[in-house]
Amino acid sequence: MADAAGRLTKLAEEVLGAPLPVRIRAWDRSESGPPGAPTLVIRHRRALRRLLFKPGELGLARAWVAGDLDIEGDLYEALDRLAGLIWERSDAPKPPRAALVRALARPEIRAAAREMLTLAGAPVPPTPPAEELRRRRGPLHTLRRDKEAISHHYDVGNDFYALVLGPSMVYSCAYWESPEATLEDAQRDKLDLICRKLGLREGRRLLDVGCGWGSMVLHAAREYGVRAVGITLSEEQAGFARKRIAEAGLADRIEIRVQDYREIKDEPFDAISSIGMAEHVGRTQYAEYADALYSLLKPGGRLLNHQIARRPVADEEAYHVDEFIDRYVFPDGELAPVGRTVGQLEEAGFEVRDVEAIREHYALTLRSWVENLERHWDEAARLTSVGRARVWRLYMAACALSFERNRIGVNQVLAVRTPEGGASDMPLRAREWRTGTHRG
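Residues numbered from 1 in each chain as written. Predicted model: local features only at pLDDT ≥ 70, side-chain atom pairs only at ≥ 80, totals over all residues. Heavy atoms only, no water.

A. Examining the overall build of the chain more closely. Across its full length, the chain carries 17 helices and 11 strands. The buried share of the chain, reckoned over its 440 residues, is 54%. When contacts within the chain are restricted to residue pairs at least 6 apart in sequence, those whose partners lie at least 24 apart make up 74%. Accessible surface, the chain: about 19900 Å² in total, of which carbon and sulfur atoms supply 52%. (Helix = DSSP H or I, 4+ residues; strand = E, 2+ residues; numbered from the N terminus. Buried < 20%, exposed > 50% of the residue type's maximum accessible area, 1.4 Å probe, protein only. Contact = heavy atoms within 4.5 Å. Areas by Shrake-Rupley, 256 points an atom, 1.4 Å probe, with all protein chains shown as cover.)

Written out as structure tokens, the structure is:
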């Protein structure tokens, strides 16, 4: 089968109606496409079979995770050039079945399909990679299903996450003074910013919803003298956090629980942080989430909700979760526009006092995580699997570009359970967050 790359390039350009923006190297070592461009390497004809049996994003994701498909050259440049060709926009409506049938009836599309079948070889559907989460059944966001989704994402090994995240073990957007700052400094600054926004001081009680490996509660207890409760649905995270807390000598001030936010029955807290957790809540449960956090706060208590947001669309019912993200990264995760998040917090009774957009900060964070992963590639693959490491490299690099291109954003929303009398206890100049001594 001579010149498979040339045939694939011609085929792709006929279907797309435009020049292919990357170079192709096929399994027969043939190459085609613009010189000097990043190269899409098709290592095995099995990649084409994956696309034939699952056209679109999921077929390509399976080929990438399995190693049938790769990229040589600058990964970010390649993904940027391929954006819109490989990954669907999550807000783009799927074409109706009738439109797909009409497209398949076009002679050039039928010819392209026949050519693809010839190139693909044996017409047998390849088995999906082991890292793929099979389709779930039953209603979304039950306690059991949410716990299973969190386990899929987080229970892949604390040592793996330590390689990617670095010593801070913070898995959310850092807060950068400049691009030249270190990831550790930026993560520390993010935790401290949240503490100051929440007005933490000695004697106050903090709830950290989705506490991860305990970094927020550790910082708040050590630097601000609070007592804290952290909750997570990940057994591995909880065990790691408890060990860190014991080693820091703060076990008398911090409690870590494997618990859902819907299961908390404690007396009210002075402050609540929810950092990178609300993306798991889902549209159908968000009102319950907001109501629950409101009920857990004392009058005058503050909530800091740190959450990724997508761009709004005219028809919100058209929104669907990317198949790659849903099957390989965040099962059942959903993003909402920041305006909808603010509205639902207000509907729960909160007074929203500040919204800070830090989109560019997440791009810097993700690029640092990708750099960490690439630097420790062999060890990361050994600790999980080559496929899992490939999932994370693709996911984080693509997300970095999405933040840079304003396809998604991230916001810190500060809200208060303002007492009936209206005294919010907020500073008159809201952005001059409390500084100086942390205790007293």
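B. Structural detail: unusual backbone geometry. Of note, arginine 29 is a non-glycine position whose phi angle comes to about 75°, a positive value. Within the fold, arginine 29 resides in the loop between strand E1 (23-25) and strand E2 (31-32). Unlike most non-glycine residues, asparagine 406 shows phi in positive territory, near 65°. With respect to the helices, strands and loops of the structure, asparagine 406 is situated in the loop between helix H17 (386-404) and strand E11 (408-416).

C. Expanded view of the packing of aromatic side chains. Overall, the coordinates contain 14 aromatic pairs when judged by the stated rule. Members of the aromatic cluster, each reached through a chain of ring pairs, are Phe160, Tyr161, Tyr171, Trp213, Tyr362, Trp369, Trp392, Tyr395 and Phe403. The residue whose ring lies beneath arginine 390 is tryptophan 64, and the NZ or CZ to ring-centre distance is 4.4 Å. (Phe/Tyr/Trp six-rings, centres within 6.5 Å; stacked < 30°, edge-to-face > 60°. Lys NZ or Arg CZ within 6 Å of the ring centre and 35° of its normal.)

D. Highlighting the sheet that holds strand E10 (residues 351-357). One open sheet accounts for seven strands, arranged E7-E6-E5-E8-E9-E11-E10; its pairing is mixed. Where the open sheet ends on each side, the last strands, each with one partner, are strand E7 (254-258) and E10. Sheet twist, expressed as the average angle between the axes of neighbouring strands with direction ignored, equals 15°. Two strands pair when backbone bridges link them, and strand E5 (residues 205-209) and strand E8 (residues 269-275) are joined in this way by four bridges, in the parallel orientation. The partner of aspartate 208 across the bridge, within E8, is serine 273. In the packing of helix H15 (residues 359-375) onto the sheet, the strands contacted are strand E9 (297-310), E10 and E11, and the crossing angle to E11 comes to about 120°. (Pairing = 2+ DSSP bridges. Axes fitted to C-alpha atoms, helices over the stretch in contact; angles between N-to-C directions.)

E. Broad picture of helix H4 (residues 75-82). The complete set of buried residues in H4 reads Leu75, Tyr76, Ala78, Leu79 and Leu82. End-on view of H4: buried residues confined to an arc of 160°, all on one side of the axis. Buried residues along H4 sit against helix H3 (57-66), strand E4 (69-72), H15 and H17. Measuring from the side-chain oxygen of the N-cap residue of H4 to the backbone nitrogen of tyrosine 76 gives 2.9 Å; that N-cap residue is aspartate 74. (Arc of directions from axis to C-beta. Polar contact = N/O pair within 3.5 Å; in protein donor to acceptor, adjacent residues only side chain to side chain.)

F. Quick look at the pattern of salt bridges. This model, assessed by the stated rule, comprises 32 salt bridges. Taking the shortest distance from any N to any O, the salt bridge between lysine 197 and glutamate 356 comes out at 2.7 Å. Of this pair, lysine 197 sits in helix H9 (residues 183-197) while glutamate 356 sits in strand E10, placing them 159 residues apart in sequence. Here arginine 222 ties to glutamate 223 by a salt bridge, and the two come within 3.6 Å at their closest N and O atoms. The exposure class assigned to arginine 222 is partly exposed, which follows from its relative accessible area of 42%. Salt bridges sharing partners connect three or more residues here, namely Arg23, Arg25, Glu31 and Glu72. (Salt bridge = Lys/Arg side-chain N within 4 Å of Asp/Glu carboxyl O.)

G. Quick look at the environment of valine 65. Of note, valine 65 is situated in helix H3. Through-space distance from the C-alpha of valine 65 to that of proline 128 is 9.2 Å; in sequence the pair is 63 residues apart.

H. Layout of the environment of arginine 49. Within the element layout of this structure, arginine 49 appears in helix H2 (residues 46-53). Looking at arginine 49, the relative accessible area reads 14%, which means it is buried. Taking C-alpha positions, arginine 49 is 7.4 Å from valine 124, a pair spaced 75 residues apart along the chain. Residues in contact with arginine 49, not counting those within four places in the same chain, are His44, Ala120, Gly121, Ala122, Val124 and Pro126.

I. Structural view of the packing of H2 against H3. Axis separation between H2 and H3 bottoms out at 8 Å; the angle between their running directions is 155°. Judged by the inter-axis angle, H2 sits roughly antiparallel to H3. Two packed elements cross with a definite hand, and for H2 against H3 that hand is right-handed. Facing Ala47, Arg50 and Leu51 of H2, the residues of H3 in contact are Gly59, Leu60, Arg62, Ala63 and Ala66. (Parallel < 35°, antiparallel > 145°, perpendicular 65-115°, else oblique. Left-handed = near helix turned anticlockwise from the far one by under 90°.)

J. Region of interest: the packing of H9 against helix H10 (residues 215-224). At their nearest, the axes of H9 and H10 sit 10 Å apart, and the two run at 65° to each other. Viewed along their axes, H9 and H10 adopt a mutual orientation that is roughly perpendicular. When you trace H9 past H10, the crossing you get is right-handed. Between H9 and H10, the residues in contact are Arg188, Leu191, Asp192, Ile194, Cys195 and Arg196 and Ser215, Met216, His219, Ala220 and Tyr224, respectively. Residues belonging to the contact of H9 with H10 are distributed by class as follows: six nonpolar, two polar and three charged. (Nonpolar A, V, L, I, M, F, W, Y, C, P; charged D, E, K, R; others polar.)

K. Structural view of the sheet that holds E1. Strand order in the open sheet formed by four strands is E2-E1-E3-E4, with mixed pairing between adjacent strands. Since the sheet does not close on itself, it has two edges, and those belong to E2 and E4, each with one partner. With three bridges connecting them, E1 and strand E3 (residues 39-42) associate as parallel partners. Paired with arginine 25 across the bridge in E3 is valine 41.

L. Local environment of helix H12 (residues 286-296). Tyr286, Tyr289, Ala290, Ala292, Leu293, Tyr294 and Leu296 are the residues of H12 that are buried. Packing partners of the buried residues in H12 comprise E5, E8, E9 and helix H14 (338-347).

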